[in-house]
Amino acid sequence: MDNGFRPETFVVDDRERGVFKVSRRLFTDPSIFEIERERIFKHCWLYACHESEFQNNGDFVTRKVGGRPLILVRGQDGVIRGLFNACRHRANIVCREESGNANGFRCFYHAWVYSNTGELSALPDSKSYSDAFNPKEMGLRNVPRMESYRGFYFVNYDADAMPLDQYLANTKEYIDLLTDYCEKGVLVIPGTSYTVRANWKLYYENGGDAYHLMSAHRRYLFDFMGDLGAPLSRPLDRGEPMPTLSLGNGHSVIMLRFDTNPFSLAARDELEAKRARLEARCGVERANRIMDGVGLVNFFPNSIFVDQLRTFRTASPIAVDLVEVNQWGMMPREDNDEIRRKRLSNYASFLGPAGFATPDDNEALESCQRGFAADPDEWTYLSRGMKREQARTTDELHVRAFWRRWGEMVGDGREHMRYEQSDCGDHA
Amino acid sequence: MEITPAMQLEVERFLYNEAHLLDTWQLEQWLDLYTEDGVYQIPSTSNPDGEPENSLMLVADDMTWLRSRVKQLLGRSAFAELPHSRTRHLVTNVEILEVGDTNIKVAANFLDVHVQHENVDTFTGCYRYELVRSDGKLKIRSRRAVLDMHSLRPSGKLGFIV
């Protein structure tokens, strides 16, 4: 598969007829999985952390980003860095804690010590090395690129990648909205990590997929919310179709105003007060935009922010049929105890392995993965709304935008497209 | 108050009966084990000491939510558990931690085996209960299941009662 991989064999994008379909091989073939690992996850900006996770110099978290173990640390100089969590000596994992505060990191194997800005600060008996050994060149390696926007830090393993600012394209407007919602900054609250027995792309396709809400999440919208006295009683789009927008470079936003949830029920007064404060701060129009919310913002290749649940999720490929999901609550720092509790409760109602919605999502993905065995060469159809002037939330534009960028990243002879911006919409 | 062998036996039998109700999907009878102000919690694996005020709990049910959870699981829309998976709740190391005037604090270990499709998945952790007596019978005022795993894998679905 190394030579001659042509995505157009597997992705049919017929805009004239309004037919978009992808081969199910793309979810089951291990060699295609390896191509993706090489050509997507080594060349895209991947979410790593948020600046609010580092309140003091020396604060660190360890996590895998794109499958690679990193130490994300705010050094003594105040700079947040991504360091490969592997000793320069023999690759031992240097920092074994999930999070904490440290002046430096000591590898337990041979006692090499690194400062929290990454330099090799000590090693036993350095005189045993010849002049060829230069300690100044033996610090923990930085990731090739690490940049942030509004406090969201992303890493890229390609030193030549376009700046994050360009890569994010039109998502920045929505990052602004969801960040400005937090009047005194963001408080990151870690969630539970879990895996789904499905290809990572199925997870992305599902995240912003409003089309399945009424069916797959009927127990949430009708049974659960019914038990709280407020079942869904009107169409999700309130009779006025809300749009899905392609934001460039494979990103998208599904402008779903989802207020059939416990938080919307329980926090009316607090939300009104918040609107009033925002109006005073930045005017009625901006306040309305912020309070209306962003819906679901999908970041190519593998992240999603859901604003009603204030949760950011990433989906990392582990194997062709196994994806690891990580998630963080991004709550307003200014919330009092009561409203914070309501928001956290809202999360638990829907998201997470024991919520009243996510398990059904994950069951659907695992079930599709099992269904691929029926005929691996069959097509998956993603044509909904393709010829509409403006795609709706229940259309599949967000998935088509993803696949178009996917094709640009993985095709042989298209390496230049990694460094070019792209529309990815239905009418490009 | 002293912990007597009779009390130890009573608590163990209570927990074994509870596990039996869960494994036979007699969830309404399982609900009856709770007091009116009962609480069922599962903290996040990121924060096993977390509380609903400060962490992304996996489960933080009061009785309204818990009744809804049971109703959903016995209905036709909880697709993650339709048809019902087979479970086996193995409960061991039952320890009475404290006996108060009106309540008993209990800890136990669990290994839940969850069988669905061709998968056999296990989840392990410890339970923390606060039991009270009502009309001579033990009832659950608080049930907390703390998972040992950092990351739920390979199965990330906790659609069943842990």
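Numbering of residues starts from 1 in each chain and follows the order in which that chain's sequence is written. The order in which chains are written sets their letters, starting at A; the order in which ligands are written sets their numbers, starting at 1. Local features in this predicted model are restricted to residues whose pLDDT is 70 or higher, and side-chain atom pairs enter the listing and the counts only when it is 80 or higher, whereas totals over whole chains, interfaces and linings include all residues. Neither water nor hydrogens contribute to the side-chain values; these are computed over all heavy atoms in the structure.

1. Here we look at the sheet that holds strand β1 (residues 11–14) of chain A
Residues and elements named next belong to chain A.
Step number 1: Two strands are said to pair when DSSP picks up at least two bridges between them. Here a helix means four or more residues in a row that DSSP labels H or I, a strand means two or more in a row labelled E, and each is numbered from the N terminus. In space, the three strands of this open sheet follow the order β1-β2-β21, with antiparallel pairing throughout. On the outer flanks of this sheet lie β1 and β21 (379–381), each paired with one strand and no other. On average, adjacent strands in this sheet sit at an angle of 20° to one another, irrespective of strand direction.
Step number 2: Note: strand β2 (residues 19–23) against β21, three bridges, orientation antiparallel. Looking across to β21, one finds that Lys21 is bridged to Tyr381.
Step number 3: We call two residues in contact when some of their heavy atoms are within 4.5 Å. Axis definition: a line fit to C-alpha positions, over the contact stretch in the case of helices; interaxial angles, taken between N-to-C directions, run 0 to 180 degrees. On the sheet, helix α13 (residues 397–410) packs against β1 and β2 and is oriented at approximately 55° with respect to β2.

2. A word on the environment of Leu66 of chain B
All names here are of chain B.
Step number 1: By the secondary structure assignment, Leu66 is in helix α3 (residues 63–73).
Step number 2: Accessibility expressed as a relative area gives 0% for Leu66, which makes it buried.
Step number 3: Residues Leu66 and Tyr34, spaced 32 residues apart in sequence, show a C-alpha to C-alpha distance of 10.0 Å. Exposure classes here rest on a 1.4 Å probe applied to the protein chains alone. A residue is buried below 20% of its type maximum, exposed above 50%, and partly exposed in between.

3. Digging into the confidence of the model for chain B
Step number 1: Summary of the metric used: pLDDT quantifies the predictor's per-residue confidence within the range 0 to 100. Confidence in the prediction of chain B, expressed as mean pLDDT, is 97, and 100% of residues score 70 or more.
Step number 2: At the level of chain-chain contacts, confidence expressed as ipTM amounts to 0.96, with global pTM at 0.95.

4. Quick word on the pattern of salt bridges
Step number 1: Salt-bridge detection follows one rule: a side-chain nitrogen of Lys or Arg within 4 Å of a carboxyl oxygen of Asp or Glu. The full count for this structure, using the stated rule, is 45 salt bridges over all chains.
Step number 2: A salt bridge links Glu366 of chain A to Lys157 of chain B; its shortest N-O distance comes to 2.9 Å. Residue Glu366 of chain A is located in helix α12 (residues 358–371), and its partner Lys157 of chain B is located in the segment after β7 (151–152); the two belong to separate chains.
Step number 3: The exposure class of Lys157 of chain B is buried, given its relative accessible area of 5%.

5. Side note on the environment of Phe152 of chain A
Residues and elements named next belong to chain A.
Step number 1: As for its placement among the helices and strands, Phe152 is situated in strand β12 (residues 152–156).
Step number 2: Judged by relative accessible area, which is 4%, Phe152 ranks as buried.
Step number 3: Counting along the chain gives 100 residues from Phe152 to Ser52, while the straight-line C-alpha distance between them is 9.0 Å.
Step number 4: When near neighbours in sequence (up to four residues on either side) are disregarded, Phe152 contacts Tyr47, Cys49, His50, Glu147, Leu164, Ile175, Leu178, Thr179, Phe312 and Met330.

6. A look at the sheet that holds strand β6 (residues 80–84) of chain A
All names here are of chain A.
Step number 1: Taken in spatial order, the four strands of this open sheet run β6-β5-β4-β7, and their pairing is antiparallel. Of all the strands in the sheet, just β6 and β7 (99–101) have a single pairing partner and so form its edges. Sheet twist, expressed as the average angle between the axes of neighbouring strands with direction ignored, equals 25°.
Step number 2: As defined by bridge partners, strand β4 (residues 59–65) adjoins strand β5 (residues 68–74) across six bridges and the pair is classed as antiparallel. Counted as the bridge partner of Arg63 is Leu70 from β5.

7. As for the packing of aromatic side chains
Residue and element names in this part refer to chain A.
Step number 1: By convention, a stacked pair of Phe, Tyr or Trp rings (six-membered ring in the case of Trp) has centres within 6.5 Å and planes under 30 degrees apart, an edge-to-face pair has planes over 60 apart, and any other such pair is tilted. Enumeration according to the criterion identifies 32 aromatic pairs over all chains in this entry.
Step number 2: Relative to Tyr157, the ring of Phe84 has its centre 5.9 Å away and its plane inclined at 25°; by these criteria the two rings are stacked. Residue Phe84 is found in strand β6, and its partner Tyr157 is found in the loop between β12 and α3 (164–167); the two are separated by 73 residues along the sequence. Just as Phe84 is buried, Tyr157 falls in that class too.
Step number 3: Here Phe299 and Phe312 contribute two aromatic rings whose centre-to-centre distance is 5.8 Å and whose plane-to-plane angle is 40°, an arrangement assigned as tilted. Taken together, the positions of Phe299 in strand β17 (residues 296–299) and Phe312 in strand β19 (residues 311–319) put the pair 13 residues apart, joining distant regions of the chain. The residues Phe299 and Phe312 share a single accessibility class, namely buried.

8. Some words on the interface of chain A and chain B
In many analyses, interface size is given as the accessible surface area lost on bringing the parts together.
Step number 1: At the interface, 40 residues of chain A touch 37 residues of chain B.
Step number 2: Here the buried area means the combined drop in accessible surface, using a 1.4 Å probe, for two parts upon being joined, counting both sides. Taken over both partners, the interface formed by chain A and chain B buries close to 3,500 Å², and the fraction arising from carbon and sulfur atoms is 52%.
Step number 3: Per-residue buried area on chain A facing chain B is highest for Arg197, Arg219 and Ala354 of chain A; these three make up 17% of the total on that side.
Step number 4: Linking chain A with chain B are six salt bridges.
Step number 5: Across the pair Glu53 of chain B and Arg341 of chain A runs a salt bridge, and its minimum N-O distance is 2.2 Å.
Step number 6: The term polar contact refers here to a pair of N or O atoms within 3.5 Å; inside protein, the definition further demands a hydrogen-donor-capable atom paired with an acceptor-capable atom, and it admits residues adjacent in sequence only when both atoms are side-chain atoms. Linking chain A with chain B are 23 residue pairs in polar contact (both at pLDDT 80 or more).
Step number 7: Of all elements in the fold, only β13 (186–190), β14 (193–196), α6 (213–216), α7 (218–227), β20 (322–332), α11 (337–350) and α12 of chain A reach the threshold of two or more residues within the side of chain A that touches chain B.

9. So, α7 of chain A
Step number 1: Every buried residue belonging to α7 of chain A is among Arg219, Tyr220, Leu221, Phe224 and Met225 of chain A, and all of these are buried.
Step number 2: Contacts from the buried residues of α7 of chain A go to α6, α8 (262–266), α11 and α12 of chain A together with α3 of chain B.
Step number 3: One or two residues past the end of α7 of chain A sits Gly229 of chain A, with phi positive at roughly 90°.

10. Describing the nonpolar core
Step number 1: In plain words, nonpolar cores are sets of buried Ala, Val, Leu, Ile, Met, Phe, Trp, Tyr and Cys residues tied together by side-chain atoms within 4.5 Å. Counting residues in each nonpolar core, the largest one holds 131 residues, and the members touching the most others are Trp403 and Trp406 of chain A together with Trp30 of chain B.
Step number 2: Sorting elements by how many residues they give to this core places helix α1 (residues 5–23) of chain B first, with seven residues.
Step number 3: Apart from the residues lying within four places of it in its own chain, the contact partners of Trp403 of chain A are Val11, Phe20, Val22, Leu26, Phe27, Lys201, Glu205 and Leu382 of chain A.

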